[in-house]
Amino acid sequence: MEGIVKFLSSLLYYVEERGYPFAVAFKRAYRDNKPREVDSNFLYEYSRRFLLSYFSLPSVKKRSIRVKYWIEDNHDNITFPEWMEESLKNFVNLNLLKESLKSKVVWIRVNLLKTDIDKVIKALENYKIEFSLDKDLYYMIKIEKSKVRLSALDLVKEYKVIIQDKASSLVVEALKPEYKDKLIDLSSAPGVKASLYMMLTENKSEIFLTDIDFSRLLRELRLLKKSGVNMDKIHIIHQDSSRNSLTKGDKVLLDAPCSSSGMISNDPTILIKLNREKIIRFSNLQKKLINEAINIKAKELVYAVCSFFPEEGETIVDKYYDLLERPFDNYSSGYISFKSGILTNRTFPHIDSTEGFFISKLNLEKL
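The sections below set out a description of the structure shown in this document. On a predicted model such as this, the values are computed, not experimentally measured, just so you know.

### Quick look at the overall build of the protein chain
In terms of regular secondary structure, the protein chain is built from 15 helices and 11 strands. For a compact globule of 367 residues, the expected C-alpha radius of gyration is about 21 Å, and the protein chain comes in at 21 Å, within 12% of that figure. Its C-alpha atoms give the protein chain principal-axis dimensions of roughly 60 × 45 × 35 Å. By the burial criterion, 54% of the 367 residues in the protein chain qualify as buried. The long-range fraction of contacts in the protein chain, counting pairs at least 24 apart against all pairs at least 6 apart in sequence, stands at 71%. Looking at the protein chain as shown, the accessible area adds up to about 17200 Å², and 49% of this sits on carbon and sulfur atoms. Separation between the mean location of the 59 positive side-chain charges and that of the 51 negative ones in the protein chain comes to 4 Å.

Next comes the structure, spelled out in structure tokens:
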């Protein structure tokens, strides 16, 4: 047990003191204090569950004491901070949500620009990976059980499949991609949604990609190239989209910077670093971004965030109620205590086995 205690204590150090996301913190802790004879895949999942229980640990400074408390008392109890409980208790079944977070769900998207579904299915079967095909999106596959790390598979390394949550794909589907579309993506990096848009239009649409971080744009370009995207159809604009420079297109995507609270199952450090002030800051930024986005001369705008909080969803689009059109009939409504709730969608881990997303669609032709 001593090796596990040292490892988890090191993990906590990198999360608390360095502020690293889970994957990076795990890698550093594994380098420094790798436990003997412990499978790395098991350790990764064990560490994820430990961090999800962070707010149930005793309030003591010494990390090893907190770790031992969790291990010895089997205190595998997912707890949200009090402010988060108060914020969400009237909107979400918190007990079901917490229980769902205990199981990490992974989705992959077949990249039809580089392969076909039958070849991917055969490859997954050869790897003895248990999976199920999605009933709504023909190119999405839910991974049920795998003894191998997906990132190590040639399928992933060759971009024949892309690790992408189903809810993220629904954001793109809300735009109903069509050939010869001119799409403006106002916060585009890392480019997974753009690559899906190009896949669904068979490389016949045109995308204007913008991001405030130039290095992220460069990484996005590399992803798109490796994904088989026709780069002649891609235009890069380095800008702060709260002061947007683009004026005309067919469709606009604003997958806005947000708290990422909908992703805490995959990265529990998000839960640890989250606070009320951060939600407010993101909400204020989102208001600026959508105010810029609706001024673009286009047919429609999809506004989405990976967040459970209404301050980043319904309260943002309530102002534009007259422009809203419900994206999907077969997914949950937004929070119905808000005016915009019935005309928007939300996905949840405990309902859809996806990340938590808010998705809305605005008809800009009504302006």
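### Focus: helix α9 (residues 166-173)
Burial within α9 is extensive, with eight of its eight residues counted as buried. For α9, the N-terminal cap is Asp165; the gap from its side-chain oxygen to the backbone nitrogen of Ala167 is 3.0 Å.

### Examining the pairing of strand β5 (residues 182-185)
Sheet topology places β5 next to strand β6 (residues 206-211); four bridges connect them, and they run parallel. Each residue of the ladder has a partner; that of Leu183, found in β6, is Ile207. Handedness of the β-α-β unit built from β5, helix α10 (residues 192-200) and β6 comes out right-handed.

### Some words on the nonpolar core
Within the largest apolar cluster, 59 residues are counted, with the highest numbers of intra-cluster contacts made by Leu254, Ile290, Leu301, Tyr303 and Leu362. When residues in this core are grouped by element, the largest group, seven residues, is from α10.

### Quick look at the sheet that holds strand β3 (residues 140-145)
In space, the four strands of this open sheet follow the order β2-β3-β1-β4, with antiparallel pairing throughout. Lying at the two open borders of the sheet, with one neighbouring strand each, are β2 (130-133) and β4 (161-163). When strand polarity is set aside, the average angle formed by the axes of neighbouring strands in this sheet is 35°. Sheet topology note: the β2/β3 ladder contains four bridges and is antiparallel. The residue bridging Glu130 from the neighbouring strand is Lys145, located in β3.

### Let's talk about helix α6 (residues 94-101)
Taken together, the buried positions of α6 are occupied by Leu94, Leu97, Lys98, Ser100 and Leu101. Taken around the axis of α6, the buried residues stretch over an arc of 160°, which confines them to a single face. Where α6 is buried, its residues touch α3 (40-52), α5 (82-88) and α15 (349-352). Put simply, Asn93 is the residue that caps the front of α6, since its side-chain oxygen is 3.3 Å from the backbone nitrogen of Asn95.

### A word on the sheet that holds strand β11 (residues 357-363)
Taken together, seven strands build an open sheet; the order of strands is β7-β6-β5-β8-β9-β11-β10 and the sheet is mixed. Both edges of this open sheet fall to β7 (234-238) and β10 (345-347), since each of them pairs with a single strand only. Each neighbouring strand pair of the sheet contributes to a mean axis angle of 15°, computed without reference to strand direction. Note that strand β9 (residues 300-305) and β11 share six bridges and pair antiparallel. The residue of β11 that forms the bridge with Leu301 is Leu362. Contacting β8 (251-255), β9, β10 and β11, α9 crosses the sheet at an angle of about 0° to β11.

### Digging into the pattern of salt bridges
Applying the stated rule across the entire model yields 22 salt bridges. Among the ionic pairs, Glu86 bridges to Lys89, the shortest N-O distance being 3.1 Å. Overlapping salt bridges, with partners in common, bring together Glu16, Glu17, Arg63 and Arg66 in one network.

### Some thoughts on the packing of α10 against helix α11 (residues 214-226)
Think of two packed helices as two axes; the pair is described by the angle between the axes and how far apart they sit. Contact pair α10 / α11: the axes reach a minimum separation of 9 Å and the direction vectors enclose 30°. What the angle tells us is that α10 and α11 run roughly parallel. Between α10 and α11 lies a crossing of right-handed hand. The segment α10 lies against α11, with Val192, Ala194 and Ser195 engaging Glu220, Leu223 and Leu224.

### Some words on the packing of aromatic side chains
One pass over the full model with this rule turns up 19 aromatic pairs. Between Tyr54 and Phe55 the ring centres are 5.2 Å apart and the planes differ by 85°, which places this aromatic pair in the edge-to-face class. What makes Tyr54 buried here is its relative accessible area of 18%. Judged by its relative accessible area of 30%, Phe55 falls in the partly exposed class. Consider the rings of Tyr138 and Tyr139, whose centres lie 5.1 Å apart with planes at 85°: the pair is edge-to-face. Here the aromatic cluster, defined as three or more aromatic residues joined through ring pairs, consists of Phe7, Phe22, Phe26, Tyr30 and Tyr44.

Each value, and the rule that gives it
- Residues numbered from 1 in each chain as written.
- Predicted model: local features only at pLDDT ≥ 70, side-chain atom pairs only at ≥ 80, totals over all residues.
- Heavy atoms only, no water.
- Helix = DSSP H or I, 4+ residues; strand = E, 2+ residues; numbered from the N terminus.
- Rg over C-alpha atoms; globule rule 2.2 N^0.38 Å.
- Buried < 20%, exposed > 50% of the residue type's maximum accessible area, 1.4 Å probe, protein only.
- Contact = heavy atoms within 4.5 Å.
- Areas by Shrake-Rupley, 256 points an atom, 1.4 Å probe, with all protein chains shown as cover.
- Lys, Arg positive; Asp, Glu negative; His and termini not counted.
- Charge placed at Lys NZ, Arg CZ, Asp CG, Glu CD.
- Polar contact = N/O pair within 3.5 Å; in protein donor to acceptor, adjacent residues only side chain to side chain.
- Pairing = 2+ DSSP bridges.
- Right-handed = clockwise from strand over helix to strand, strands pointing away.
- Core = buried A, V, L, I, M, F, W, Y, C linked by side-chain atoms within 4.5 Å.
- Axes fitted to C-alpha atoms, helices over the stretch in contact; angles between N-to-C directions.
- Arc of directions from axis to C-beta.
- Salt bridge = Lys/Arg side-chain N within 4 Å of Asp/Glu carboxyl O.
- Parallel < 35°, antiparallel > 145°, perpendicular 65-115°, else oblique.
- Left-handed = near helix turned anticlockwise from the far one by under 90°.
- Phe/Tyr/Trp six-rings, centres within 6.5 Å; stacked < 30°, edge-to-face > 60°.

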